[in-house]
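Below are the chains, spelled out letter by letter.
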Amino acid sequence: MTYILVINAGSSSLKYQLIDIDEGHIIAKGICERIGIAKSIISYKADKGDKFEKESPMKTHEDAIKLVLDLLTDKQIGVIEDMSCIEAVGHRVLHGGEKYSEPVLIDDQVLEAIEECIPLGPLHNPANLMGIRGCMAAMPGVPMVAVFDTAWGQTMPKEAYMYALPYEAYTDHKVRRYGFHGTSHRYVTGQAVKKLEKLGIKKEDTRVITCHLGNGSSLSAAKGGKCVDTSMGLTPLEGVPMGTRCGSIDPAIIPYLMGRTGMNAQDIDTYMNKKSGVYGVSGVSSDFRDLKAAADQGNERAALARKLFCYKVRQYIGSYAATLGGVDAIVMTAGIVENDPYIREGILQGLEFLGVDMDWEFNMTCPRATDLEITKPTSKVHVYVIPTDEEMTIARDTAALAL
Ligand code: AMP
């Protein structure tokens, strides 16, 4: 058994999973919340045990990781003898700028580079660093690996990642498309490429569009298994509408609304990131389950929010088909489209011209969050539902580099 601890640290939270990489199995997982705030709480669930929760003071991420280790090694509910069973730690890191196109073993230089990228990921990178430093303090000598959300986008050609702004925006301020959800797009693209290879398509010829549609949503186009475009940009705000993010809009709306409402830069940032998206359109919720329930009750704005979401995703699929010169597979992944057949239907209807021949009945009746194909066996374009697996991917990356 080879145990890898996977950490996803936010500013006041720390999600963790202990993974047995040999079995591809999650041994235990949980989350520390309200770190640095009163009433911090840790949850823990061993694979074969009940969920456990306790309030416990956590001033820092180091305190949090110590509590995680205490629970993992607890005599009653723990899953390992002692800390030395953990061979390596994999950290999800938001922004690696242009420096990292691959996961990397963490050393002082890598820490410095993550720090340098703070202006590009002002909310996440400092939190990711706290998570890494907390682990380093609590687990000295254990190798750590950083897996960057932006790494996948580093193979995009320049015409795809540059914005048509004065060139100095790029050279002086690093303004370009980076893309996010990289670990998820990489994993599901890899899975789709394997399926296409089995159908006789050479890896280098594969054209895959991946739709990661969850709390945050983005699409990616991959040729030969490498990213050639992706919908999120300098920040995760660009692209399709999301739970509370507006996605791409006419940029002139920003000064227009600032002028009319008196919102400042911070206000408009919050407006676009937290008050918009399907939540802003519907006025109901950012959760697609709530929107469906409201739409079924006759709420027109909730129905509109769902329609608008599907419309924009379908547009991106069309534009990426043009980017790739055709498409062999479209992948549906993450919370919304692993679960909601109506949204899949809303997105995929009308794509027959691309060669998508859906099995609409199976789309409605197929099990949720399961790896399967929802197009007919004769369809030219294969539409796959592939549950994403970011933590397992981080664990595998970590094992490959650290062991
Ligand atoms: P994720 O970011 O992948 O965890 O996805 C979370 C989102 O998936 C939630 O905010 C919901 O909008 C959506 N979701 C989860 N379960 C369902 C479901 N059964 N039906 C529709 N949407 C769902």
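On a predicted model such as this, the values are computed, not experimentally measured, just so you know.

Cut-offs and rules
- Residues numbered from 1 in each chain as written.
- Predicted model: local features only at pLDDT ≥ 70, side-chain atom pairs only at ≥ 80, totals over all residues.
- Heavy atoms only, no water.
- Helix = DSSP H or I, 4+ residues; strand = E, 2+ residues; numbered from the N terminus.
- Buried < 20%, exposed > 50% of the residue type's maximum accessible area, 1.4 Å probe, protein only.
- Contact = heavy atoms within 4.5 Å.
- Near = heavy atom within 4 Å.
- Polar contact = N/O pair within 3.5 Å; in protein donor to acceptor, adjacent residues only side chain to side chain.
- Areas by Shrake-Rupley, 256 points an atom, 1.4 Å probe, with all protein chains shown as cover.
- Patch = residues over 30% accessible without salt bridge, like charges linked within 9 Å, V, L, I, M, F, W, Y side chains within 5 Å.
- Salt bridge = Lys/Arg side-chain N within 4 Å of Asp/Glu carboxyl O.
- Lys, Arg positive; Asp, Glu negative; His and termini not counted.
- Charge placed at Lys NZ, Arg CZ, Asp CG, Glu CD.
- Axes fitted to C-alpha atoms, helices over the stretch in contact; angles between N-to-C directions.
- Parallel < 35°, antiparallel > 145°, perpendicular 65-115°, else oblique.
- Left-handed = near helix turned anticlockwise from the far one by under 90°.
- Nonpolar A, V, L, I, M, F, W, Y, C, P; charged D, E, K, R; others polar.
- Core = buried A, V, L, I, M, F, W, Y, C linked by side-chain atoms within 4.5 Å.
- 1 Å grid on protein atoms, 1.4 Å probe; cavity = no way out; pocket = protein on both sides within 12 Å on 5 of 7 lines; lining within 4 Å.
- Points joined across faces, edges and corners; volume = space filled by probe spheres on them.
- Pairing = 2+ DSSP bridges.

Here we take up the side chain of Thr 393. If you trace the backbone, Thr 393 turns up in helix H15 (residues 390-402). For Thr 393, a relative accessible area of 5% puts it in the buried group. Contact partners of Thr 393, with chain neighbours within four places excluded, come to Thr 183, Arg 186 and Tyr 187.

This paragraph deals with the site of the ligand. The ligand sits among Gly 214, Asn 215, Asp 287, Phe 288, Arg 289, Ala 334, Gly 335, Ile 336, Asn 339, Asp 340 and Arg 368. A distance of 2.8 Å separates an oxygen atom of the ligand from a polar atom in the backbone of Gly 335. In isolation the ligand has 500 Å² of accessible area, and contact with the protein removes 74% of it. Listed by contribution, the elements that provide at least two residues to the shell around the ligand are helix H10 (288-296) and helix H12 (335-339). Considering every element that reaches the shell around the ligand, the biggest residue donor is H12, with 3 residues.

With respect to the element layout, Lys 292 can be found in helix H10. Given a relative accessible area of 21%, Lys 292 falls into the partly exposed group. Setting aside chain neighbours within four positions, we find Lys 292 in contact with Arg 306 and Tyr 342. A polar atom in the side chain of Lys 292 sits 2.8 Å from the side chain of Asp 296.

Negative charge collects at one region of the surface, where Asp 107, Asp 108, Glu 112 and Glu 116 lie side by side. For Asp 108, the position within the fold is in helix H2 (residues 108-116). Since its relative accessible area comes to 62%, Asp 108 is described here as exposed.

This part takes up the packing of helix H11 (residues 300-324) against helix H13 (residues 341-348). The N-to-C vectors of H11 and H13 enclose an angle of 50 degrees; their axes lie 8 Å apart at closest approach. Viewed along their axes, H11 and H13 adopt a mutual orientation that is oblique. Considering only the axes of H11 and H13, their crossing is right-handed. Taking contact as the criterion, the partners of Arg 306, Phe 309, Cys 310, Val 313, Arg 314 and Ile 317 in H11 are, on H13, Tyr 342, Ile 343, Gly 346 and Ile 347. Across the contact of H11 with H13, the residue classes break down as 7 nonpolar, 1 polar and 2 charged.

To continue, consider the nonpolar core. In this structure, Leu 5, Ile 7, Leu 72 and Met 139 are the most contacted members of the largest nonpolar core, which totals 43 residues. Counting residues per element, this core draws most heavily on helix H1 (residues 61-72), which supplies 7 residues. If you look at the next biggest cluster of nonpolar residues, it comprises 39 residues, including Leu 213, Ala 302, Leu 348 and Ile 374.

Quick look at empty space enclosed by the protein now. Any empty space left between the atoms is revealed when a probe the size of a water molecule rolls over them. Overall, the coordinates contain 1 cavity of 30 Å³ or more when judged by the stated rule. Each pocket or cavity is described by its volume, and for the largest cavity that value is around 40 Å³. Lining the largest cavity are Met 162, Tyr 163, Leu 165, Pro 166, Tyr 167, Ala 169, Tyr 170 and Val 175. For the lining of the largest cavity, the residue count by class is 8 nonpolar, no polar and no charged.

Moving on: the pairing of strand E12 (residues 329-333). Of all 5 residues in E12, 5 are buried, a share of seventy percent or more. Going residue by residue along E12, you find Ala 329, Val 331 and Thr 333 tucked away on one face and Ile 330 and Met 332 tucked away on the opposite face as well. Of the pairings in the sheet, the one linking strand E9 (residues 207-213) to E12 comprises 5 bridges and is parallel in character. Residue pairing in the sheet places Thr 210 in a bridge with Val 331 of E12. Two elements, E12 and strand E14 (residues 382-385), share 4 bridges in a ladder whose sense is parallel. Bridge pairing links Val 331 to Tyr 384 in E14.

Limitation: the analysis is restricted to geometry and does not speak to function.
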